[in-house]
Amino acid sequence: MARKDVDEISGTETTGHEWDGIKELDTPMPRWWLGMFWATIVWAIGYWIVYPAWPGITSYTHGVLDHSQRDEVMANVAALKAARAVQEKALAKASLADIQKNPDLLQFAMAEGKTAFGDNCAPCHGAGGQGAHGYPNLNDDVWLWGGKLSDIQHTITVGVRSTSPETRQSQMPAFGRDGVLKPAQVDDLVEYVVHISGRPADARAIRRATALFADNCAACHRQDGKGNRTMGAPNLTDNEWEYGATRDDIRDQIWNGHGGVMPTWGGRLSPEEIKALAVYVHNLGGGE
Amino acid sequence: MHTVISSDKQPDKPAGMAADGVARSDAVATNSAANRKLYKSRVPIYPKEAEGHYRSMKWAMMAFTLTIYYVTPWLRWNRGASAPNQAVLVDLAHERFYFFFIEIWPQEVYYITGLLILSAVALFLVNALFGRLWCGYSCPQTVWTDLFIWVETKIEGDRNARMRLAAAPWSVGKIAKRVSKHAVWLMFAVATGGAWVFYYNDAPTLLHQLFNGTASLSNYFAVAGLAFTTYTLGGLMREQVCTYMCPWPRIQAAMTDNEALCVTYRRDRGEPRGAHKKGESWDGRGSCIDCNQCVAVCPMGIDIRDGAQLECINCGLCVDACDDVMGKIGQPSRLIAYDTEANILRRQAGKASRYRFMRPRTILYAGILAGVSAIMLLTLTFRHTLDLDVIRDRNPDHVRLTDGAVRNAYTIKLMNRSGQARTLKLGVSGIKARQIRLIGDGEIVSSVPLSVEADKVRTVRILVTVAPADLSTSRSLTFSLADGNEKREVQTVFVPGDAR
């Protein structure tokens with residue numbers, strides 16, 4: 001061991017390194033810091049023994065407590081399910097009308113419905129069920145497939161144009177794209193639809209399109225254009241348009257025949273969850 | 001454990017006598033200008049136990065404040081079945097704060113703000129009048145430090161004995177004393193942390209749980225954490241906390257002036273100081289015999305004769321020590337006293353002392369204090385036992401129906417702050433609506449009775465639909481909640497949308 005070199009001014013030992021007459025002080029770590037340092041090492045060793053710590057080839061060291069955060073979560077979920085069991089059972093038994101009448105059950109269903117809506121429905125229908133272009137608004141009084149509690153429950157269960165054999169099924173033809181109608185005929189139909197929704201339109205085009213509407217559209221949308229819920233055919237005479245209200249929007253719809261898909265939720269969600277969802281959607285305000 | 005050492009009354013060894021019957025202490029102020037360095041390690045302080053007027057007051061304050069602290073959670077207060085019966089309780093799980101007849105909900109946290117403002121202004125006022133009385137007598141740091149020094153004195157003896165023990169090599173006796181001292185400190189520390197958690201839980205239940213191991217982990221952690229801080233701050237760090245950690249000594253310089261009553265060495269009377277022999281004349285010299293007893297008793301380790309300084313906590317123990325000495329040498333007491341800097345200057349100029357409690361700053365502080373107290377008292381007196389919050393749906397902010405009518409939805413929280421279940425009347429007015437509907441309850445004509453449980457919030461959802469013809473005049477509406485004469489109203493907005 002070399003002779004100790006002590007700095008005169010600070011009284012601290014140096015490392016022995018020197019650059020242009022400047023020496024590096026070897027100031028010891030503060031004692032409190034060293035204490036913490038050793039304490040953390042001791043703590044770590046204890047931690048390895050008590051908790052899962054080291055990875056192995058196929059497994060890992062479990063520690064004497066055999067603690068697992070996953071087990072903890074599963075236990076929490078199980079405890080939550082147990083805590084909800086009574087109300088969940090009541091929800092399963094109650095009819096939709098009963099739920100609506102029972103304040104406690106209604107509150108439970110609304111809370112569960114809100115969560116389920118946020119998890120499953122909000123990506124398309126919006127967080128508040130306000131809808132978007134091509135995705136129906138669930139707040140208003142327009143219902144393609146019916147707005148009663150039972151209708152809503154069924155729509156959620158089977159979906160629309162989806163995989164369930166019972167799914168709500170209908171298809172608006174792509175009249176223009178598939179060459180069923182000529183472009184001029186489509187233009188006339190646009191004027192006709194604008195007219196029946198209560199807006200000014202070209203009178204000659206309307207006359208020309210009357211027969212066209214009866215031949216091509218009335219089967220689903222009915223002669224008066226008020227739509228047909230068994231076919232999911234929207235009312236063309238009101239102010240609400242799923243694919244837009246302008247002439248261009250309407251032309252696009254007749255030409256291409258858009259039809260959205262809603263998944264079959266039966267089997268993915270429990271019947272209780274679907275029930276709660278139906279109650280929640282119904283109570284957004286538009287339910288019938 | 002009870003080891004009162006006879007050498008307590010022996011004079012400090014090397015310093016000799018300051019006057020007949022008065023030993024000179026070798027105590028040196030830890031902050032004296034002579035040994036002040038930029039980086040200084042801690043100088044241990046062994047405060048001598050004082051006796052006298054202010055020491056008694058400090059004991060009384062200690063007993064008083066500690067009693068409040070330890071006993072309060074055990075006081076009971078009957079609030080009926082709907083609320084806990086603990087007089088003072090911070091119920092975090094249920095979001096309530098109970099203080100005797102007052103119950104505060106989270107929405108009313110401004111009462112806490114008001115209390116903090118009151119405390120701050122009261123601190124300013126007391127400081128302007130009497131200097132740092134808070135620091136000297138009632139600050140928890142002072143109280144617990146005092147308590148811990150008392151324990152130390154009982155086990156290890158007074159100043160000289162403690163100094164000797166510190167310097168002595170390790171022996172069975174020293175180990176025994178040290179171990180018992182720290183053990184007693186820890187007991188007090190655990191009791192202190194333990195008392196704290198009782199403010200947040202039902203005290204009798206929790207005490208039972210703490211001992212049979214069924215209390216929640218957070219309670220054990222809180223007890224351990226507070227025990228640790230009490231032990232460290234009160235036992236180990238003591239005056240270091242006041243000098244280096246607490247911001248108040250630095251702020252108070254701006255809050256005080258030379259008319260504030262502070263512990264003051266009356267240098268106009270004391271100087272020039274020096275040892276005095278029996279029979280010598282007192283002419284041409286001051287009353288201070290430089291016995292250093294004021295330094296020896298100081299829990300902050302300072303010399304009050306150096307003048308006002310940030311370390312001084314105004315506790316008055318040096319007054320007691322000095323009075324004792326003055327009595328022995330037959331001089332008038334209160335060479336050190338609660339006095340003002342202005343008075344020293346007045347006496348030096350040959351004028352009489354006077355105490356000016358009415359000063360612009362004290363009047364201002366007292367005014368603010370009275371104002372804030374009055375506001376707090378008024379709001380508390382006329383506090384409503386019911387309230388409502390109206391949250392308008394923003395997503396979507398309005399819904400247009402097929403016939404052009406527009407619907408807005410409102411989530412309403414009905415709060416019943418009383419101890420009884422009540423039927424509150426929720427009313428809607430100020431709008432010509434086609435339909436007002438309560439989810440789960442059907443249509444509302446103008447008001448609907450809704451039952452709300454005691455001390456609970458009930459949430460309801462209301463849909464308001466306005467016909468197309470009335471949209472242009474519908475911009476707002478008012479929800480009201482009433483029970484007899486008590487009524488609260490909230491005006492809110494109606495969004496008619498871009499009515500076509």
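All values derive from a computational prediction rather than experimental measurement. All chains use their own residue numbering, which begins from 1 and follows the written sequence. Ligands are numbered from 1 and chains lettered from A, in the order in which they are written. In keeping with the model being predicted, local features are shown solely for residues with a pLDDT of at least 70 and side-chain atom pairs are shown and tallied solely at 80 or more, while totals for entire chains, interfaces and linings include all residues.

Participant: Would you mind going over the overall build of chain A with me for this structure?
Facilitator: Broken down by element type, chain A carries 10 helices and two strands. The order of helices and strands in chain A, counted from the N terminus, is β-β-α-α-α-α-α-α-α-α-α-α. Here the C-alpha radius of gyration of chain A, 35 Å, is well above what a compact globule of 288 residues would show, namely 19 Å. Seen through its C-alpha atoms, chain A measures out along the principal axes to roughly 115 × 60 × 40 Å. Going through the 288 residues of chain A one by one, you find that 26% of them count as buried. Numbered from the N terminus, helices here are DSSP runs of H or I no shorter than four residues, and strands are runs of E no shorter than two. Just to be clear, the radius of gyration here is over C-alpha atoms, and the globule rule we use is 2.2 Å times residues to the power 0.38. For every residue, the other C-beta atoms within 10 Å of its own C-beta are counted; 20 or more classify it as buried, 12 or fewer as exposed, and values in between as partly exposed. C-beta atoms are placed from the backbone.

Participant: I tried to follow the interface of chain B and chain A on my own but got confused; where do I start?
Facilitator: A common way to state how big an interface is: give the accessible area lost once the parts meet. Counting from both sides, the interface comprises 14 residues of chain B and, opposite them, 15 residues of chain A. Amino acid classes used here: Ala, Val, Leu, Ile, Met, Phe, Trp, Tyr, Cys and Pro are nonpolar; Asp, Glu, Lys and Arg are charged; the rest, including Gly, are polar. In the side of chain B that touches chain A, the residues fall into six nonpolar, four polar and four charged. Remark: residues whose backbone-derived C-beta atoms lie within 7 Å of one another are considered to be in contact.

Participant: Quick question: what am I supposed to make of the nonpolar core here?
Facilitator: Side chains that are nonpolar tend, in soluble globular proteins, to be buried together. Residue and element names in this part refer to chain B. With 42 residues, the main nonpolar core has C294, C318 and I336 as its most contacted residues. For this core, the elements supplying multiple residues, two or more each, are β1 (17-19), α2 (110-130), α3 (133-138), β6 (262-265), α12 (293-297) and α13 (317-328). With six residues, the top contributor of residues to this core is α13. Setting aside chain neighbours within four positions, we find C318 in contact with V263, C294, V297, C298, I304 and I336. Joining buried Ala, Val, Leu, Ile, Met, Phe, Trp, Tyr and Cys residues through C-beta atoms within 7 Å gives a set, and that set is a nonpolar core.

Participant: Which parts of the structure should I look at to understand the sheet that holds strand β4 (residues 96-99) of chain B?
Facilitator: Strands pair in a sheet through their backbones, by hydrogen bonds, and they do so in one of two ways: parallel or antiparallel. Residue and element names in this part refer to chain B. Spatially, β3-β4-β5 is the arrangement adopted by the three strands of the open sheet, whose pairing is antiparallel. The sheet is open, and its two edges are formed by β3 (88-91) and β5 (102-104), each paired on a single side. Averaged over neighbouring strand pairs, the angle between their axes works out to 10° when direction is ignored. When DSSP finds two or more bridges between a pair of strands, those strands are recorded as paired. Bridging between β4 and β5 involves three bridges; their strand directions are antiparallel. Note on β5: the bridge partner recorded for Y98 is E103. Interaxial angles span 0 to 180 degrees and are taken between N-to-C directions of axes, which are lines fitted to C-alpha atoms, for helices over the stretch in contact.

Participant: Mind showing me how you'd approach the sheet that holds strand β17 (residues 486-493) of chain B here?
Facilitator: All names here are of chain B. Within the open sheet, the four strands sit side by side as β14-β11-β16-β17. Their pairing is antiparallel. Two strands close off the open sheet at either side, each with one partner strand: β14 (447-452) and β17. On average, adjacent strands in this sheet sit at an angle of 25° to one another, irrespective of strand direction. Pairing geometry for strand β11 (residues 422-429) and strand β16 (residues 476-483), over five bridges, is antiparallel. When the bridges of β16 are listed, S429 appears paired with T478.

Participant: What should I look at first to understand the domain arrangement of chain A in this one?
Facilitator: Residue and element names in this part refer to chain A. Domain delimitation follows an automatic or database domain assignment. Once the domains are mapped, chain A shows domain 1 (1-65), domain 2 (79-165 + 263-282) and domain 3 (183-256). One C-alpha centre belongs to domain 2, the other to domain 3; they are set 32 Å apart. At the junction of the two partners, domain 2 supplies 10 residues and domain 3 supplies eight residues. Taken together, the residues that form the side of domain 2 that touches domain 3 break down as six nonpolar, three polar and one charged.

Participant: Could you clarify how one ought to interpret unusual backbone geometry in this entry?
Facilitator: Glycine aside, residues mostly have negative phi, and peptide bonds are mostly found in the trans state. Residues and elements named next belong to chain B. A cis geometry characterises the amide bond from E271 onward to P272, with omega recorded as -10°. In this structure, P272 sits in the loop between α11 (267-270) and α12. Residues N395 and P396 are joined by a peptide bond in cis, for which omega reads 5°. Positive phi is not limited to glycine here, since D290 has a value of about 55°.

Participant: Is there a simple way to explain the pairing of strand β12 (residues 435-438) of chain B in this structure?
Facilitator: The side chains of a regular strand alternate between both faces of the sheet. Residues and elements named next belong to chain B. Where β12 and strand β15 (residues 456-466) come together, four bridges link them in antiparallel fashion. Counterpart to R437 in the pairing with β15 is L463. Relative to strand β13 (residues 442-443), β12 runs antiparallel, the two sharing two bridges. Following the sheet pairing, L438 is matched in β13 by G442. Here β12 folds back onto β13, and the loop between the two strands holds three residues, one of which, G440, carries a positive phi near 90°.

Participant: What's the story with the confidence of the model for chain B in this structure? I'm lost.
Facilitator: Low-pLDDT stretches of the model should not have their predicted coordinates read in fine detail. Residues and elements named next belong to chain B. The predicted model of chain B averages 88 in pLDDT, with 96% of residues at 70 or higher. Along the chain, pLDDT gives the predictor's confidence residue by residue, from 0 to 100. This stretch, residues 1-13, has a pLDDT under 50; its non-local contacts, to residues over four places away or in other chains, come to 21 contacts. As a predicted assembly, this complex carries a pTM of 0.74 together with an ipTM value of 0.76.

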